[in-house]
Amino acid sequence: MGGVSATALSLSFGSLASATEQVTDPQENLANQAAQKPAGTLYGGEVASPDYLIGPGDVVELLVLRNPDLSGVYTVRPDGRVSTPLIEDLMVVGHTPTTLSRELEEKLSVYIQDPVVTVIVRSFSGDLRQQIRVVGEAQQPQAVAFRDRMTALDVLIAVGGLSSNADGNSAVLLRREGDTRRQIPLRLDDLVDDGDSTANIAMAPGDVIIIPEGFFSGDWRVTPTISFQETFSDNVDQDPDGEEESAFISTVRPGITFFANAARINWAFSGNVALRQQNGGDDEGADADVDLNSSGTVELFNDLFFIDGNASVSQEVLTSEGSSSGSDDNTSNRETVQNYRLSPYVTNRLGDFARMESRYTFSQVFVDSDDASDTSTHEGRLSLNSGPDFTQFSWGLSASASEAMSSDDDDVSRRDVNFSTTYAVTRSFFLIGSVGYQEFDDGDNDNEVDDPTWRTAARWQPSSRTQLEVGYGQRDNEVSFDGDLRYNITPRTTLSASYSEVLRTSQEALGQNFDNIAFDPDTGQFVNTETGQVVNSANDVPFDIDDETTRVKTFRAGINGSRDRDSFGLNFRANLEDNDNDDDESEYGVVANWGRTLNNRTSVNTSGEYEYNDLGNSIENEYTFRAGLNYSVFTNISANVNYTFRLRESDESSSDEFLENTISVGLSATF
């Protein structure tokens, strides 16, 4: 039935000497190496143990001397069998390569005179009894075929090493000894990080390595920073025409940025102390302020008990009637706002039926002003959401109660219960409905709410790039529309728009603003998750920080993205505020920004903003233009130059008008 080459002949009858030869380059000319291997040789230059057992998933090559039509490469099926041209459903699992060769010769002898068969294992998983299974925090947890003289390091290489969340020194090896299973401690961190050869223990067939998750294991970054900024303002107090006073402001900011992306901890903190010296104006002299942002989650018990936390301290203009400088180093007319939130919660899985969450939130807002109260808020929330048992139809039930206690004003209480459903009409179209009941009491009868709530909505999501949701319903004693649109024009460019109406206090809005702030580990800065723009503080919000309850109608639209070396954004906002003192206000603004990386050291950025404020008794227009240049002097030292122009006009009083130019130069360093 045909002949074979002299090479194949020597494989069958003269392979004893070749089996003792050392393979110097297992990756070189693998096909030729495989052709020179004796039965029982593993593909890649490693000689199999005579006791190696073939297992499901192994790839074996069967070479039949002088019969190439009967030779071939086969993958062992999950049932442990392979099918050859003359022998169907041949059981191969549990055989060594040698015993399989002999069985094939016996079966083929019915058809061929004196058959000679060689079995080569091309790739291998091994019989379950000879596999080493790795579970837990490996890069690629899997079963690895056992090989002679295999060690823990060989197994780690096969699974890609430890994951960033692994606690390698707490790993254990389970080894069967007779009818019992012995537990052996492993020191995989010492082996991988320190090269400790005493931790490189020998493996045995059937071993199981369990690598646990470490509470603190992961990516930890602590970056001390310091910066120096020299700023000149030609109108340091934002005075009207003819009353301007210029001043230099010298600022030193020692600070620190901390980021943890660990198995159980995901936290970011960025803070600094601004030490200022001003040589003119109302704030002449030395001053110090703290600026910080912090956000994160700690998982205390695996998939059960969590704690969320947020904090923000910054210097803010408290009312839209107040003027502000174009430079952050100039704190004229600004007050310190402190905003904190801590929220422990417990999650429970009710099988595949639902997931339950019980959450308590404690928040505090401190405002350094007589016009706004310090507020402490306690909130309890219980929610139940449908699980995997519900696919086309999903639902959610929530109930909450909160008490906000103000230092100088009436307390605010809320009670809410809501049941919502979502029905998938098609893969891309969903119908949404909800009903509930709401109570709201801030001490003002005009704002009191004690009524049912309801909402109907439709969501269109034709692809991962597009989502549109439009709703209509009643809440806060008002019937209103709401909507949200997000469209990814490209993977790096997003178009978004939203409209909402809500009854809230200023302190509630400050706390809710945390939900849209996140830390970007690539840039080391906090960003707005809706626009992608860098934010200096979670307290930087376009509304008055006072003791009023306000019904706010908010519309936002924008396009933000980047392309090649350019980043850009164009955002529009409109806020209509119905205050409880009947002094309604409206604010409209548009911001355009553009930045470009000129080379690996230099970047430029510019922005322009127009803001229109109708304060009820006056109308004000503000124009702001900024331009900056950043240059990386060394890897950890950068220099910057910034210019800001700000103009404010008022139709009511010239005393509310001002024009300011600021120029600043600075150096910053990280360690």
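Coordinates for the structure precede this section.
Residues numbered from 1 in each chain as written. Predicted model: local features only at pLDDT ≥ 70, side-chain atom pairs only at ≥ 80, totals over all residues. Heavy atoms only, no water.

## Quick look at the overall build of the chain
Under the convention used in this document: Numbered from the N terminus, helices here are DSSP runs of H or I no shorter than four residues, and strands are runs of E no shorter than two. We take the radius of gyration over the C-alpha atoms and set the globule estimate at 2.2 Å times the residue count to the 0.38 power. The cut-offs for exposure are 20% and 50% of the maximum accessible area for each residue type, with area from a 1.4 Å probe on protein chains only; residues under the lower value are buried, those over the upper are exposed, and the others partly exposed. Note on areas: Shrake-Rupley, 1.4 Å probe, and residue coverage restricted to the protein chains presented here. Neither His nor the chain ends is counted toward charge; the positive residues are Lys and Arg and the negative residues Asp and Glu. In plain terms, the charge of a residue is placed at NZ if it is Lys, CZ if Arg, CG if Asp and CD if Glu.
For the chain, the count of helices and strands is six helices and 36 strands. A compact globule built from 671 residues would reach a C-alpha radius of gyration of about 26 Å, whereas the chain, at 35 Å, exceeds it by more than 25%. Along the first, second and third principal axes, the C-alpha atoms of the chain reach 115 × 60 × 45 Å. The buried share among the 671 residues of the chain stands at 41%. Accessible surface for the chain amounts to roughly 34,100 Å². Of this, 52% is attributable to carbon and sulfur atoms. When the 47 basic and 111 acidic side-chain charges of the chain are each reduced to a single mean position, those positions are 16 Å apart.

## Description of the pairing of strand β4 (residues 72-75)
Our working rule: In this scheme, strands are said to pair when DSSP sees at least two bridges between them.
Of the two faces of β4, the one holding G72 and Y74 is buried and the one holding V73 and T75 is not buried anywhere. Examined bridge by bridge, strand β3 (residues 59-64) and β4 share four bridges and lie antiparallel to one another. Across the sheet, residue V60 finds its bridge partner in β4, namely Y74.

## Remarks on the sheet that holds strand β10 (residues 172-177)
Test applied: To obtain each axis, a line is fitted to C-alpha atoms, and for helices this fit is confined to the stretch in contact; angles are then taken between N-to-C directions over 0 to 180 degrees.
Strands sit in the order β9-β8-β12-β10-β11 across an open sheet of five strands; the sheet is mixed. Whereas interior strands pair on both sides, the edge strands pair on one side only; in this sheet they are β9 (143-145) and β11 (180-185). Put simply, the sheet's adjacent strands are angled 20° from each other on average, direction ignored. Of the pairings in the sheet, the one linking β10 to strand β12 (residues 208-211) comprises three bridges and is antiparallel in character. Counterpart to L173 in the pairing with β12 is I209.

## Things to note about the pattern of salt bridges
Here is the rule we go by: Criterion for a salt bridge: a side-chain nitrogen of Lys or Arg within 4 Å of a carboxyl oxygen of Asp or Glu.
A complete count under the given rule lists 31 salt bridges for this structure. D219 is paired through a salt bridge with R221; the nearest N and O atoms lie 3.0 Å apart. R221 gets classed as partly exposed once you look at its relative accessible area, which sits at 36%. For the salt bridge of R455 with E469, the shortest nitrogen-to-oxygen distance reads 3.0 Å. Of this pair, R455 sits in strand β24 (residues 449-463) while E469 sits in strand β25 (residues 466-475), and the two are 14 residues apart along the sequence. Its relative accessible area of 16% is what places E469 among the buried residues.

## Concerning helix α3 (residues 97-108)
Here is the rule: Between the first and last residue of a helix there are one fewer steps than residues, each counted as 1.5 Å, and that sum is the expected span. The arc in question is formed by the directions pointing from the helix axis toward the C-beta atoms.
Here α3 spans 16 Å end to end across 12 residues, near enough to the 16 Å set by a 1.5 Å rise per residue. Buried residues of α3: P97, L100, S101, L104, E105 and L108, and no others. Relative to the axis of α3, the buried residues are bounded by an arc of 140° and lie together on one face.

## Some details on the packing of aromatic side chains
Filter applied, for reference: Stacked, tilted and edge-to-face pairs are distinguished by plane angle, under 30 degrees for stacked and over 60 for edge-to-face with tilted covering the rest, among Phe, Tyr and Trp rings (Trp via its six-membered ring) whose centres lie within 6.5 Å.
All chains considered together, the criterion is met by 17 aromatic pairs. An angle of 65° between the planes, with centres 5.7 Å apart, marks the rings of W454 and Y472 as edge-to-face. Highlighted residues: W454 in strand β24 and Y472 in strand β25, separated in sequence by 18 residues. Judged by relative accessible area, which is 33%, W454 ranks as partly exposed.

## Some points on unusual backbone geometry
Residues other than glycine predominantly adopt negative phi, and peptide bonds predominantly adopt the trans conformation. Positive phi, normally seen in glycine, also occurs at R66, with a value near 65°. The phi dihedral of D89 is positive, around 50°, even though this residue is not glycine. In this fold, D89 is placed in the loop between β5 (81-82) and β6 (90-91). A residue is classified by how much of its surface remains accessible, and D89, at 39% relative accessible area, is partly exposed.

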